[in-house]
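# Structural characterization, general
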Amino acid sequence: MNRSLNEIEAHAKRAARGAGLAWGLAEEAARAARWLAAHGFGGPALLADVLAQNDGVSHAQVAPVSLDGVWHAPAQELCPLAAGAALNDCADRLAEGQPVQMAEVSYPLLVVPFAAWAAIHLNAPVQVRWQNLLIDTDGERVWLDDQQHEIETSKANELVCVTAKRRKDAAAVPGLRGDVPPQVWDKLDRFAQRTFAPATEASRLLGAGTGASDND
């Protein structure tokens, strides 16, 4: 299904809230899904997978233990949303020439939008790399080197973010809409449904309009 970016972001935000993410992180998760969809990547699908993987797990278990050294979660895989939010908080380290290194990151492509926003903050391109893949972004455009087709891998053993040189070669630019497979939309919708209060007998009667009477 081809969806507007606003529609993708709104649905992703409801799903993230339904999965238990705090308001701020849910908003950033939705923006990340939108950013990836605008660039032709499967952001909504990756978000759905992350929400499913971390469903019922406390944020502390998938967030970085420390922002010193190599970032890692206490026991679980590092959540890309928690790691991405921390990356934005630590963006100035990149300007000082300090790389940000992460270990055992699930669905690492979801870190890239946060790197893009760091690039905007720094007014300098940022490179994200894991395994044999390299992604450069200036916040809007994307340069991708992915000869081994690792763009949507479910886990990166090591992920590194650094500042990069400005590039003048052709790059992917964002579109105005994104493709979301129906099964992905439905998966997000199952999380989004949790944000709705369960119906009570009183609310059902009010919704019916005629109450318990039968006017036929």
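So, a few notes on the structure that sits alongside this text. All figures in this text were calculated on a predicted structure; none of them were measured in a lab.

Rules used throughout
- Residues numbered from 1 in each chain as written.
- Predicted model: local features only at pLDDT ≥ 70, side-chain atom pairs only at ≥ 80, totals over all residues.
- Heavy atoms only, no water.
- Buried < 20%, exposed > 50% of the residue type's maximum accessible area, 1.4 Å probe, protein only.
- Helix = DSSP H or I, 4+ residues; strand = E, 2+ residues; numbered from the N terminus.
- Arc of directions from axis to C-beta.
- Contact = heavy atoms within 4.5 Å.
- Salt bridge = Lys/Arg side-chain N within 4 Å of Asp/Glu carboxyl O.
- 1 Å grid on protein atoms, 1.4 Å probe; cavity = no way out; pocket = protein on both sides within 12 Å on 5 of 7 lines; lining within 4 Å.
- Points joined across faces, edges and corners; volume = space filled by probe spheres on them.
- Nonpolar A, V, L, I, M, F, W, Y, C, P; charged D, E, K, R; others polar.
- Phe/Tyr/Trp six-rings, centres within 6.5 Å; stacked < 30°, edge-to-face > 60°.
- Lys NZ or Arg CZ within 6 Å of the ring centre and 35° of its normal.

## Things to note about helix α8 (residues 182-192)
Regarding α8, the residues found buried are V184, W185, L188, F191 and A192. End-on view of α8: buried residues confined to an arc of 115 degrees, all on one side of the axis. Exposed and facing more than 90 degrees away from the buried side of α8 are Q183 and R190. Next to the buried residues of α8 lie β1 (2-4), α1 (5-18) and α3 (43-53).

## Considering the pattern of salt bridges
Tallying each qualifying case throughout the model produces 9 salt bridges. Between D138 and R141 there is a salt bridge; the shortest N-O distance is 2.7 Å. Through salt bridges with shared partners, a single network forms among D136, R167 and D169.

## Description of helix α7 (residues 112-122)
Along α7, 9 of the 11 residues are buried, which leaves the element largely enclosed by surrounding structure. Those residues of α7 that fall on the buried side of the exposure criterion are V112, P113, F114, A115, A116, W117, A118, A119 and L122. Just beyond α7, the residue with positive phi is N123, at close to 55 degrees.

## Quick look at the environment of K165
Within the secondary structure, K165 sits in the loop between β6 (155-163) and β7 (177-179). Expressed as a C-alpha distance, the spacing of K165 and W130, which sit 35 residues apart in the sequence, is 18 Å.

## Brief notes about the layout of surface pockets
Within this model, the largest pocket holds a volume of roughly 210 Å³. Surrounding the largest pocket, 17 residues form its lining, A19, L21, N54, V57 and H59 being those nearest its centre. Those elements that provide at least two residues to the lining of the largest pocket are α3, α4 (59-62) and α5 (80-89). Among the residues forming the lining of the largest pocket, the class breakdown is 11 nonpolar, 5 polar and 1 charged.

## Observations regarding the packing of aromatic side chains
Evaluation of the coordinates by the stated rule reveals 1 aromatic pair. Note on F114 and W117: the rings are 5.1 Å apart at their centroids and 75 degrees apart in plane angle, and the pair reads as edge-to-face. Taken together, the residues span about one helical turn, with F114 and W117 both in helix α7 at a distance of 3 residues. One exposure class covers both F114 and W117, and it is buried. A cation over an aromatic ring shows up here: R3 above the ring of W185, its NZ or CZ 3.9 Å from the ring centre. When the ring centre of W117 is taken as origin, the NZ or CZ atom of R31, which lies over that ring, is 3.9 Å away.

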